[in-house]
Amino acid sequence: MSLQCGIVGLPNVGKSTLFNCLSNAKAQSANFPFCTIEPNVGVITVPDERLIKLGEICKPERGVIPTTVEIVDIAGLVKGASKGEGLGNKFLANIRETDAIIHVLRCFDDENVVHVDGTVNPVRDKEIIDAELQLKDLETVEARIQKCEKAAKAGGDKQAKLQLEVLVKYREALSQGKNARTVELDNKEQEAAARDLFLLTNKPVMYVCNVDEASAVTGNAYVEQVKEAVKDEDAQVLVLAAKIESEIAELETYEEREMFLAELGLEESGVNRLIKAAYALLNLRTFLTAGSDEVRAWTFKAGAKAPQCAGVIHTDFERGFIRAEVIKYEDFVALGGEAQCRAAGKLATEGKDYLVQDGDIMHFLFNV
């Protein structure tokens, strides 16, 4: 399942530094705009402490295999990007291909790192990016309205009429400087009509406040400004210090990283928190397989049923699905393995309508 989060923001806010910490890919990180010309794509391992515990119990021959999510580092946008300023159109196209947006905001002062607009103001920076994405969406909506109006008038196309209603709602919101995701659609038909528009401001978003070391635990006044500005957006705000994260990434051992985090008063690295939050932002969940051969995490969309999850492993599993054997992670750990769970009656047999839960340990039976 290849789903992507795109990292966006103005130049020099710490996007590429953060990306490097996430993926260990060496995206250029320089003190000038547009140093990231092509979007860098990193396949990021999703931290999951449950795998460590299952590995200790099962001692698998092939080891422990985590699940992943893709992160795309997109070059800095500038005011006027929707009209082609800077390298705008190219990067707006790259954003369109992602499933969710990680919007990095500069929330630190540093006279050695030039801000593209001269001063540090994360709320202004957010509004600049929002405005460019909204203008591009407005272009998309206006063009589609013209097309739908012709179809609705000429052939009495019901679907075109329905989509036209949705488009008009989007046009009104975007014209008022609001994001498409703020538009409430009142039934499934309208949601279906909106699905193929792929609007930039309809993607789920998480705001990452890049702070200085002193603010890594508590945040700062800039962070509070961001939280106030996005309070009505139903968006997550995550605080981290990209510079510190780059130092953590260079430490060789787990013990060194843990000591460094403890000294800073952090329970977990910002990168780990970000990856987990990005995974959740994409509405992804994890089921697990555990045995003597391997322990593995598998990604599925929240709300998926057992046959769909079987198909994540192999299409034959879904096509020939018979049933699933399910053990809850907590039971597996508490009792010490599959055999013990069977003996204690903690293994459930589920059919095609079973809604898979995050952390379920699954074994699929199928016949092709």
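Only a predicted model underlies this, so the values are computations on that prediction, with no experimental measurement involved. (Residues numbered from 1 in each chain as written. Predicted model: local features only at pLDDT ≥ 70, side-chain atom pairs only at ≥ 80, totals over all residues. Heavy atoms only, no water.)

**Some remarks on the pairing of strand β10 (residues 321-327)**
Burial analysis of β10 places five of its seven residues in the buried class, which makes it a mostly covered element. Pairing of β10 with strand β12 (residues 361-366), which is carried by six bridges, proceeds in the antiparallel orientation. Considered in β12, the bridge of I327 is made with I361. Both β10 and strand β11 (residues 347-350) contribute to a ladder of four bridges, which runs antiparallel. Note that in β11 the partner of V326 across the bridge is A348. (Buried < 20%, exposed > 50% of the residue type's maximum accessible area, 1.4 Å probe, protein only. Helix = DSSP H or I, 4+ residues; strand = E, 2+ residues; numbered from the N terminus. Pairing = 2+ DSSP bridges.)

**Observations concerning the packing of helix α1 (residues 15-23) against helix α10 (residues 270-281)**
Put simply, α1 and α10 touch, their axes get as near as 10 Å, and they point 85° apart. One way to sum up the angle between α1 and α10 is to call them roughly perpendicular. For the pair α1 and α10, contact is made by L18, C21 and L22 and by V271, L274 and I275, respectively. In the contact of α1 with α10, the residues fall into six nonpolar, no polar and no charged. (Axes fitted to C-alpha atoms, helices over the stretch in contact; angles between N-to-C directions. Parallel < 35°, antiparallel > 145°, perpendicular 65-115°, else oblique. Contact = heavy atoms within 4.5 Å. Nonpolar A, V, L, I, M, F, W, Y, C, P; charged D, E, K, R; others polar.)

**A look at the nonpolar core**
Among the nonpolar cores identified, the biggest contains 60 residues, and L22, I71, I95, I102, C107, M206 and L274 are the most heavily contacted of them. Considering each element in turn, this core owes the most residues, seven residues, to α10. Among all residues touching I71, those that are not within four sequence positions of it are C5, I7, F19, L22, N40, V41, G42, I44 and I102. Counting 18 residues, the second largest nonpolar core, distinct from the first, contains L167, V183, L185 and A194. (Core = buried A, V, L, I, M, F, W, Y, C linked by side-chain atoms within 4.5 Å.)

**Brief notes about the layout of surface pockets**
Roughly 820 Å³ of internal volume is contained in the largest pocket. Lining of the largest pocket is provided by 27 residues; of these, P47, Y254, R257, S269 and N272 occupy positions nearest its centre. Top element by residues in the lining of the largest pocket is helix α9 (residues 254-264). It accounts for four residues. When the residues that make up the lining of the largest pocket are grouped by side-chain class, the tally is 16 nonpolar, four polar and seven charged. (1 Å grid on protein atoms, 1.4 Å probe; cavity = no way out; pocket = protein on both sides within 12 Å on 5 of 7 lines; lining within 4 Å. Points joined across faces, edges and corners; volume = space filled by probe spheres on them.)

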